[in-house]
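These are the residues of each chain, in order.
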Amino acid sequence: MMKILVINTGSSSIKFALFQMPNGHELVSGLVEQIGEGIGAISLEINGEKHSEKLEIPNHQRGLTLVGTWLMNPKYHLISSPDEVHAIGHRVVHGGESFQETTVINSEVKEKIKELFGLAPLHNPPNYEGIEVAEKVFAKATQVAVFDTAFHQSLPPKAFHYALPKYLYADYGVRVYGFHGTSHRYVARVSAQYLGIEPQKANLITIHLGNGASMAAVKNGKSIDTSLGMTPLSGLVMGTRVGDVDPGVIFYLEEERGYSIQKVKNMLNRESGMKGLAGDNDLRAITERVANKEEEAQLALDIYCYRIKKYIGAYIAAIGPIHAIVFTAGVGENSAIVRQMVCEEMTHLGIELDQTKNTIRLDEIREVNVADSRVKILVTPTNEELEIANQTYQLLK
Ligand code: ADP
């Protein structure tokens with residue numbers, strides 16, 4: 001038995017979960033928020049009981065120490081000292097080309113993560129901070145990095161290159177890296193197991209629809225293409241991010257309309273996607289408005305689903321015959337209407353949704369296709385924290 005703490009450190013937050021391995025039982029999960037913002041908060045769930053506490057959390061070290069204190073609370077018998085946490089699995093967003101696999105963290109690995117700050121300026125610096133702090137608070141634990149990009153390192157050159165001047169790749173590493181890899185990897189494996197196929201033989205299209213969204217073409221268990229690129233901005237329509245757009249739009253706005261690059265950047269990242277199209281980035285709100293026959297919301301949802309449909313076509317062309325398409329994350333798991341609109345008129349591709357099964361809500365993996373659909377349509381709940389714990393455990397075992 002091994003206790004593994006998974007942490008996902010953001011600029012002002014630490015998301016955490018403690019797992020008992022190898023059975024994958026989640027003992028605690030929670031969130032430290034508003035770090036460095038005056039009064040912060042920790043909220044967590046232990047044995048189904050919810051707790052929260054507001055207090056000053058000036059920095060990440062204080063935040064993680066607080067997590068340790070909660071874990072050591074004698075009432076719950078989780079751990080009696082920080083030394084009982086065997087390993088910490090860190091979510092690290094960008095691994096560039098340096099990391100194809102989950103990796104034990106040493107000083108060399110830390111240097112490389114630092115070198116990648118430029119590729120993920122919002123994510124890698126806080127992830128790095130999380131590592132430094134965890135090394136102090138849980139000094140005996142093995143620190144492990146699990147990269148969002150690692151699963152997509154199997155992309156072949158024809159898929160990961162942009163048609164830009166070659167030196168941009170050679171000198172600056174400009175290429176497709178892809179993201180949400182931990183989720184795509186997890187749902188691909190779990191879905192293959194559900195279908196009774198060996199994971200390394202599964203041909204799947206995995207569709208991760210959260211606030212950020214991406215798809216992966218999975219052939220023989222490996223990612224061969226994905227919709228996010230060098231940064232998490234391309235591909236699908238997202239909550240506030242634009243997805244695919246003609247880069248010429250940027251120059252038009254700058255040269256003809258006087259927009260600064262900073263303004264365009266902010267617009268593409270925070271003011272576009274569903275928010276830009278319909279004023280709401282939450283798909284639940286959009287869905288309600290669609291039910292009320294609001295045209296603006298309907299068009300936004302049409303655009304959202306049409307983009308996914310186009311990628312399905314592209315990925316079937318890339319993979320060849322597929323076993324299943326897999327919906328996951330907040331929208332993918334919960335939105336029957338999105339799944340329905342995406343799968344409409346795809347019978348000729350062997351994809352046929354069962355309207356009744358599609359509307360049944362369940363927290364576990366399920367099939368929502370008609371019985372004789374050649375391609376299965378699965379709804380597979382993702383669990384990135386568990387996957388990080390799994391990867392960490394496999395590495396240490
Ligand atoms: P994150 O990318 O932050 O991890 P999640 O995977 O939790 O996000 O997904 C968040 C998204 O899921 C939000 O846009 C939310 O509106 C959407 N969502 C959650 N439940 C539903 C639902 N029942 N119908 C439609 N969208 C939903």
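Refer to the structure above for everything that follows.
Residues numbered from 1 in each chain as written. Predicted model: local features only at pLDDT ≥ 70, side-chain atom pairs only at ≥ 80, totals over all residues. Heavy atoms only, no water.

(A) Local environment of the site of the ligand. With respect to spatial proximity, 13 residues lie near the ligand, and among them N211, D282, L283, G330 and R361 are the closest. A distance of 2.9 Å is found between an oxygen atom of the ligand and a side-chain nitrogen or oxygen belonging to N211. Within the backbone of L283, a nitrogen or oxygen atom sits 3.1 Å from an oxygen atom of the ligand. A total of 580 Å² of accessible area belongs to the ligand in isolation, and the protein chains cover 70% of it. Secondary-structure elements contributing two or more residues to the shell around the ligand are α10 (283-291) and α12 (329-334). Among the elements that take part in the shell around the ligand, α12 stands out by supplying four residues, more than any other. The residue makeup of the shell around the ligand, split by class, is three nonpolar, seven polar and three charged. (Near = heavy atom within 4 Å. Polar contact = N/O pair within 3.5 Å; in protein donor to acceptor, adjacent residues only side chain to side chain. Areas by Shrake-Rupley, 256 points an atom, 1.4 Å probe, with all protein chains shown as cover. Helix = DSSP H or I, 4+ residues; strand = E, 2+ residues; numbered from the N terminus. Nonpolar A, V, L, I, M, F, W, Y, C, P; charged D, E, K, R; others polar.)

(B) Looking closely at the packing of aromatic side chains. Summed over all chains, the structure comprises five aromatic pairs. An angle of 85° between the planes, with centres 5.7 Å apart, marks the rings of F117 and Y128 as edge-to-face. On the criterion of sequence distance, the pair formed by F117 in the loop between α2 (107-115) and α3 (124-137) and Y128 in helix α3 is long-range, its members being 11 residues apart. Owing to a relative accessible area of 25%, F117 belongs among the partly exposed residues under this scheme. Its relative accessible area of 10% is what places Y128 among the buried residues. (Phe/Tyr/Trp six-rings, centres within 6.5 Å; stacked < 30°, edge-to-face > 60°. Buried < 20%, exposed > 50% of the residue type's maximum accessible area, 1.4 Å probe, protein only.)

(C) Local environment of the environment of L233. With respect to the secondary-structure elements, L233 resides in the loop between β11 (222-226) and α7 (248-257). Through-space distance from the C-alpha of L233 to that of A213 is 9.3 Å; in sequence the pair is 20 residues apart. Not counting the four nearest positions on each side in its chain, L233 is found in contact with L228, M238, R241, V242, G243, L268 and N269. (Contact = heavy atoms within 4.5 Å.)

(D) Examining the nonpolar core more closely. Counting residues in each nonpolar core, the largest one holds 44 residues, and the members touching the most others are I205, L209, Y304, I308, I312, I325 and V338. Counting only elements with at least two residues in this core, the list comes to β9 (204-209), β10 (213-219), α9 (273-278), α10, α11 (295-319), β12 (324-328), α13 (336-343) and β14 (376-379). Among the elements that take part in this core, α11 stands out by supplying 11 residues, more than any other. Look past the residues within four positions of V338 in its chain and what remains in contact with it is L209, L283, L301, Y304, C305, I308 and V331. Core analysis: the second largest hydrophobic core is formed by 29 residues, F16, L44, I57 and A141 among them. (Core = buried A, V, L, I, M, F, W, Y, C linked by side-chain atoms within 4.5 Å.)

(E) Spotlight on the pairing of β9. With respect to burial, β9 is a largely interior element, six of its six residues being buried. Judged by which residues are buried, β9 turns out to be covered on both faces: L204, T206 and H208 on one side and I205, I207 and L209 on the other are all buried. Sheet topology note: the β9/β10 ladder contains six bridges and is antiparallel. Across the sheet, residue H208 finds its bridge partner in β10, namely S214. Remark: three residues form the turn of the hairpin made by β9 and β10, two consecutive strands paired antiparallel. Here five bridges tie β9 to β12, and the two strands are oriented parallel to one another. (Pairing = 2+ DSSP bridges.)

(F) Representation of the sheet that holds strand β8 (residues 142-147). Pairing is mixed in the open sheet, where eight strands are placed in the order β5-β4-β3-β2-β1-β6-β8-β7. Each edge of the sheet is formed by a strand with only one pairing partner; in this case those strands are β5 (49-56) and β7 (103-104). The strands that α3 touches are β1 (2-9), β6 (87-92) and β8; relative to β6, the one it contacts most, it runs at about 170°. (Axes fitted to C-alpha atoms, helices over the stretch in contact; angles between N-to-C directions.)

(G) Here's a closer look at the pattern of salt bridges. Applying the stated rule across the entire model yields 15 salt bridges. R289 is the salt-bridge partner of E294, the closest N and O atoms lying 2.9 Å from each other. Residues joined in a network through salt bridges with shared partners are D280, R289, E294 and E296. (Salt bridge = Lys/Arg side-chain N within 4 Å of Asp/Glu carboxyl O.)

(H) Structural context of the pairing of β10. Along β10, six of the seven residues are buried, which leaves the element largely enclosed by surrounding structure. With antiparallel pairing between neighbouring strands as the criterion, β10 and β11 make up a hairpin whose turn holds two residues, including N220 at a positive phi of roughly 50°.

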